[in-house]
Amino acid sequence: MKSSDLPRTYRVKSFGCQMNVYDGERMAELLASRGIARAADGEEADLVVLNTCHIREKAAEKVYSDIGRITKAGRKAGRQPLIAVAGCVAQAEGEEIMARAPAVSMVVGPQAYHRLPELLDRATKGQRATEIDLPALDKFAALPERRRVGPAAFLTVQEGCDKFCTYCVVPYTRGAEISRPYHHLVNEARRLIEAGAREITLLGQNVSAWAGEDEQGRAVGLADLIRRLAREDGLERIRYTTSHPADMDDNLIAAHGEVAKLMPFLHLPVQAGSNRVLKAMNRSHTAESYLRLLERFRAARPDLALSGDFIVGFPGETEAEFAQTLALVDEVGYAQAFSFKYSPRPGTPAATMPEQVSREVADDRLARLQAALNRDQMAFNKASVGRVCEVLVDRKGKLPGQWLGKSPWLQSVWFEGEAQIGDIARVALVEAGANSLAGRLQASVAA
Ligand code: 5AD
Ligand code: SF4
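Residues numbered from 1 in each chain as written. Chains lettered and ligands numbered in written order. Predicted model: local features only at pLDDT ≥ 70, side-chain atom pairs only at ≥ 80, totals over all residues. Heavy atoms only, no water.

A short note on the site of ligand 1
Formally: Throughout, near means a residue has at least one heavy atom within 4 Å of the molecule or strand. Polar contacts, as used here, are pairs of N or O atoms within 3.5 Å; protein pairs need one atom able to donate a hydrogen and one able to accept it. Residues neighboring in sequence count only if both atoms are side-chain atoms. Surface accessibility follows the Shrake-Rupley procedure with a 1.4 Å probe radius. Residue values consider only the protein chains on display as shielding. Per the convention used, a helix needs a DSSP run of H or I reaching at least four residues, while a strand needs a run of E reaching at least two, with both numbered from the N terminus. Under the scheme applied, nonpolar residues are Ala, Val, Leu, Ile, Met, Phe, Trp, Tyr, Cys and Pro; charged residues are Asp, Glu, Lys and Arg; polar residues are all the others, including Gly.
The immediate surroundings of ligand 1 are formed by Ile 55, Arg 56, Tyr 167, Gln 271, Asp 309, Ile 311, Phe 340, Lys 341, Tyr 342, Ser 343 and Arg 345. Between ligand 1 and the protein, one listed contact pairs a nitrogen atom with a backbone N or O atom of Tyr 167 at 3.0 Å. The separation between a nitrogen atom of ligand 1 and a polar main-chain atom of Ser 343 is 2.8 Å. Burial of ligand 1 by the protein chains amounts to 87% of its free accessible area of 400 Å². Among the elements of the structure, strand S15 (305-312) and strand S16 (336-341) are those that each provide at least two residues to the shell around ligand 1. Partitioning the shell around ligand 1 into residue classes produces five nonpolar, two polar and four charged.

Put into structure tokens, the structure is as follows:
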């Protein structure tokens, strides 16, 4: 590549949460709209975008080792690709990355990636540039339209977080809560449906805090947005993630009972079962208020599958307090969950709290928590055997004639028979594994 040429091919590598996956897809589309093609598998790209995650430790080290690997491959191939660092590590440590890694020519934060083409123009002239402002301007308006998406698509409706849990970097890297306007979201959802989506997952760091104004200028919340999207023909399923217990209102609970397209699944992080720990985390809920909330959701939708996030080894967490997390897990019976060892994040209040828990203790607690969560996930899957449900087919299986998709309860289901990607198949669940179920095809509703 001559230094003044635009790159011919790109690769976007996304780490972390679903919002990063969404941002990565949008960056890819932006590059494609500039005539840059996705690099074929196994081929070295002319431009590599590392779309990073900062939520837990070793994020920055991982970025530097990735950069090292890319430049090494470049030396071998006799030409160096352009490297852009995007995402939350870029936001948090952009200047440092520029200083430490001369191979990086672009640093772009999660609120500024619509400016990637400008940065690229400058990079091709040999100018390194950083763009990590958190502008009020709508980056989404500057992105190209979505033309082809898979049957299960993501739609970012809200970004940022005002909750300031004491362990979390999100309020610093993604900034304050911003809701995208109602009519933009209805329009983008329509385009996603035209582009092939049959399921849309509404994304936000704090999605249940989404707020807007409808066509009549009335103040509306997430439940109203869900009810509006459910009226779109061609859209069969709606999901949302991630929520905070403080923002779950009556209307959202009622929507779970009333909106057939809203899937019976709720990801509602609790983090810990001890009220002392929850207070130190600044979570603004107790174990009891969380359980009461779940009860109301279950009353509205009895077959609701529950998911959560947990942190073990938060500063000062005692064995007795950890036992309260295990007790809460036993009480809820999660269908699936994510659990993490507490990781001190620079700049957050918890990082400087006394009584940091030792690695050995945190490892042991994580293992015990995960054993309990795995047990419950298996139990949930086993209890699903015998059900006939709709599976949205989103992938081919390993063998010919095999298909993979998701049940309404977000379980992976595989089956054999006549189907294609995008079908909603009626499948009898016949065998449960820890991470997936085998099904028998009853009928397929063509895409
Ligand atoms: N250490 C460990 N886990 C964390 N999470 C957020 N910050 C940290 C941290 N510093 C977890 C929380 C959150 C999920 C996205 O990541 O459980 O819900
Ligand atoms: Fe982080 Fe808490 Fe906001 Fe979730 S609610 S993004 S854990 S600060």
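What about the pairing of strand S10 (residues 199-203)?
Test applied: Working definition: with a 1.4 Å probe on protein chains only, accessible area under 20% of the residue-type maximum means buried, over 50% means exposed, and in between means partly exposed. Here, strands pair whenever DSSP counts at least two bridges between them.
For S10, the buried fraction is high: five of the five residues fall into the buried class. Burial along S10 is two-sided: the residues Glu 199, Thr 201 and Leu 203 and Ile 200 and Leu 202 are all buried. Two strands pair when backbone bridges link them, and strand S7 (residues 152-156) and S10 are joined in this way by five bridges, in the parallel orientation. When the bridges of S10 are listed, Leu 155 appears paired with Leu 202.

Here's the deal with the site of ligand 2
Around ligand 2, a shell composed of Cys 161, Lys 163, Phe 164, Cys 165, Tyr 167, Cys 168, Val 170, Pro 171, His 244 and Arg 283 is seen. Partitioning the shell around ligand 2 into residue classes produces seven nonpolar, one polar and two charged.

Points about the domain arrangement of the protein chain
Interface size is commonly expressed as the accessible surface area that is lost when the partners come together. Keep this limit in mind: Segment limits for the domains were obtained from an automatic or database-derived domain assignment. Note on contacts: a residue pair qualifies if any of its non-hydrogen atoms lie within 4.5 Å across the two residues. Two parts placed together each lose some accessible area under a 1.4 Å probe, and adding up what both lose gives the buried area. Salt bridges are identified by distance alone: a Lys or Arg side-chain nitrogen within 4 Å of an Asp or Glu carboxyl oxygen.
Looking at the protein chain, the domain boundaries give domain 1 (3-134), domain 2 (145-263) and domain 3 (388-445). Distance from the C-alpha centre of domain 1 to the C-alpha centre of domain 2: 28 Å. With 17 residues of domain 1 at the interface, the matching set in domain 2 holds 18 residues. Roughly 1,500 Å² of surface becomes buried between domain 1 and domain 2 when both sides are summed, with 55% attributable to carbon and sulfur atoms. For domain 1, the biggest contributors to the area lost against domain 2 are Gln 18, Met 19 and Tyr 22; these three give 39% of the whole. In this assembly, domain 1 and domain 2 are joined by four salt bridges. With its nearest N and O atoms 3.1 Å apart, the salt bridge here joins Arg 26 to Glu 188. At the boundary of domain 1 with domain 2, the tally comes to six residue pairs in polar contact (both at pLDDT 80 or more). Listed by contribution, the elements that provide at least two residues to the side of domain 1 that touches domain 2 are helix H1 (18-33) and helix H3 (87-100).

Side note on the nonpolar core
Quick reminder of the rule: Remark: nonpolar core denotes a set of buried residues (Ala, Val, Leu, Ile, Met, Phe, Trp, Tyr, Cys) joined through side-chain atoms within 4.5 Å.
Within the largest apolar cluster, 81 residues are counted, with the highest numbers of intra-cluster contacts made by Leu 202, Tyr 240 and Tyr 334. Looking at this core, you find at least three residues from each of domain 1 (3-134) and domain 2 (145-263). Here Tyr 240 is in contact with Thr 201, Leu 202, Val 207, Leu 222, Ile 226, Met 248, Leu 252, His 256, Leu 262, Leu 266 and Phe 297, once residues within four sequence places are set aside. Counting residues in each nonpolar core, the second largest holds 19 residues, with Ala 39, Tyr 64, Val 85 and Val 107 among its members.

Structural notes on helix H4 (residues 116-124)
Since one α-helical turn is 3.6 residues long, residues separated by three or four positions face the same way. Keep this limit in mind: Note that the arc is defined by the directions from the helix axis to the C-beta atoms.
Considered for burial, the residues of H4 that qualify are Leu 116, Pro 117, Leu 119, Leu 120, Ala 123 and Thr 124. Angularly, the buried residues of H4 cover 160° about the axis, an arc narrow enough to put them on a single face.

Observations regarding the pattern of salt bridges
Enumeration over the complete set of coordinates arrives at 35 salt bridges. In this structure, Asp 303 engages Arg 301 in a salt bridge whose closest nitrogen and oxygen atoms are separated by 2.6 Å. Notably, a salt bridge pairs Arg 365 with Glu 317, separated by 2.9 Å at the nearest N-O pair. With Arg 365 in helix H12 (residues 359-384) and Glu 317 in the loop between S15 and helix H11 (319-332), this residue pair connects regions lying 48 residues apart in the sequence. A relative accessible area of 5% places Arg 365 in the buried class. Through salt bridges with shared partners, one network takes in Glu 25, Arg 26, Glu 29, Arg 146, Arg 180 and Glu 188.

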